[in-house]
Amino acid sequence: MNKELWKKCVEFHGHECPGLAIGFRACEIAVEKLNLTFSKDEEVVCITENDACGVDAVQVITGCTMGKGNLLFKDRGKMAFSFIKRQTGEGIRVVLKPLKREITREENQRYILEAPAEEVFDIKPLNTKLPEKARLFNSIICEECGEATAEHRIRIQNNKKVCLDCFKEYTRGW
């Protein structure tokens, strides 16, 4: 384990915890298996299926961020991370196996950081297509609240262009 990199992740996140260890270890696996380096632009893409502590480690280690458009959040509630090299399309999906509930947080953290990777994670082939690069969108002013909104997030309601916050969804329950 790279203790200096762990320390950097802890400083960024604010504290040590099993969640941060999950992201740290998932990144270590991806770096090793895909020979990843820090992504200055969009050379590496990470699709995270959770919005938990481990995502902070992803940002520190891989350089994937929401702002650059190479950290994508796919809300599935799973401790799963897909890492993709944009140039080649090569990638893996790293999924946490169930943890032991009868041990302490500290013991779980140590286990996540120190146990063999295959014992802690399922390391699978990529099961998604490479997402397109981040795009810039024109801003449209919402005709309800007056705030600028990216054009791909605008909806039409009562012949007005409205943002998602002002839009009233019509589902009829299904």
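Predicted, not measured: the structure shown is a model, and the values here were computed from it.

Definitions and cut-offs
- Residues numbered from 1 in each chain as written.
- Predicted model: local features only at pLDDT ≥ 70, side-chain atom pairs only at ≥ 80, totals over all residues.
- Heavy atoms only, no water.
- Helix = DSSP H or I, 4+ residues; strand = E, 2+ residues; numbered from the N terminus.
- Buried < 20%, exposed > 50% of the residue type's maximum accessible area, 1.4 Å probe, protein only.
- Contact = heavy atoms within 4.5 Å.
- Areas by Shrake-Rupley, 256 points an atom, 1.4 Å probe, with all protein chains shown as cover.
- Lys, Arg positive; Asp, Glu negative; His and termini not counted.
- Charge placed at Lys NZ, Arg CZ, Asp CG, Glu CD.
- Domains from an automatic or database assignment.
- Pairing = 2+ DSSP bridges.
- Axes fitted to C-alpha atoms, helices over the stretch in contact; angles between N-to-C directions.
- UniProt positions renumbered as here; feature names shortened; annotations may be inferred.
- Salt bridge = Lys/Arg side-chain N within 4 Å of Asp/Glu carboxyl O.
- Parallel < 35°, antiparallel > 145°, perpendicular 65-115°, else oblique.
- Left-handed = near helix turned anticlockwise from the far one by under 90°.
- Nonpolar A, V, L, I, M, F, W, Y, C, P; charged D, E, K, R; others polar.

Once that is clear, we can look at the overall build of the protein chain. Within the protein chain one finds 5 helices and 9 strands. Counting helices and strands in the order they occur from the N terminus, the protein chain gives α-α-β-α-β-β-β-α-α-β-β-β-β-β. Seen along its three principal axes, the alpha-carbon backbone of the protein chain occupies a region of about 60 × 40 × 30 Å. For the protein chain, with 174 residues in total, the buried portion stands at 40%. Restricting to contacts in the protein chain with at least 6 residues of sequence separation, those with at least 24 account for 61%. In the form shown here, the protein chain has an accessible surface area of approximately 10,900 Å², with 48% of it arising from carbon and sulfur atoms. Taken as two groups, the 28 positive and 27 negative side-chain charges of the protein chain have centres that lie 4 Å from each other.

For residues other than glycine, phi is negative in most cases, and the peptide bonds are mostly trans. The residue asparagine 158 is not glycine, and still its phi comes out positive at about 55°. A residue is classified by how much of its surface remains accessible, and asparagine 158, at 70% relative accessible area, is exposed.

What follows deals with the domain arrangement of the protein chain. One can read the domain layout of the protein chain as domain 1 (3-125) and domain 2 (136-173). Between the C-alpha centres of domain 1 and domain 2 there is a distance of 34 Å.

Bringing the sheet that holds strand E2 (residues 71-73) into the picture now. The strand order across the open sheet formed by 5 strands is E2-E1-E3-E4-E5, and the pairing between neighbours is mixed. If you trace the sheet from one side to the other, it starts and ends with E2 and strand E5 (121-125), each paired once. Neighbour-to-neighbour, the strand axes of this sheet turn through a mean angle of 20°, independent of strand direction. In this structure, strand E4 (residues 91-96) lies alongside E5, joined through 5 bridges in antiparallel fashion. Directly across from leucine 96, in E5, lies its bridge partner phenylalanine 121.

Turning next to the UniProt feature "domain: Zinc finger DksA/TraR C4-type" (unreviewed entry) in the protein chain. Here, the residues flagged by UniProt with the feature "domain: Zinc finger DksA/TraR C4-type" (unreviewed entry) are residues 139-172. The distance separating the terminal C-alpha atoms of residues 139-172 is 30 Å; by composition the span is 0% helix and 35% strand.

As a further point, take the pattern of salt bridges. Applying the stated criterion to the full structure yields 8 salt bridges. Where glutamate 118 meets lysine 33, a salt bridge forms, and the shortest distance between an N and an O atom there is 3.9 Å. Residue glutamate 118 is located in helix H5 (residues 117-120), and its partner lysine 33 is located in helix H2 (residues 18-34); the two are separated by 85 residues in the primary sequence. What makes glutamate 118 partly exposed here is its relative accessible area of 48%. Among the salt bridges present, the one from aspartate 122 reaches lysine 97, with a minimum N-O distance of 3.8 Å. With aspartate 122 in strand E5 and lysine 97 in the loop between E4 and helix H4 (105-114), the pair connects residues that are 25 residues apart, well separated along the chain. The exposure class of aspartate 122 is partly exposed, given its relative accessible area of 32%.

So, about the packing of helix H1 (residues 3-13) against H2. Taken N-terminus to C-terminus, the directions of H1 and H2 make an angle of 135°; their axes are 11 Å apart at the nearest point. The angle between H1 and H2 falls in the class oblique. Every pair of crossing elements has a handedness; the one defined by H1 and H2 is right-handed. Note on element contacts: H2 touches H1 through Leu20, Ala21 and Phe24, opposite Leu5, Trp6, Cys9, Val10 and His13. Here the contact of H1 with H2 is composed, by residue class, of 7 nonpolar, 1 polar and no charged.

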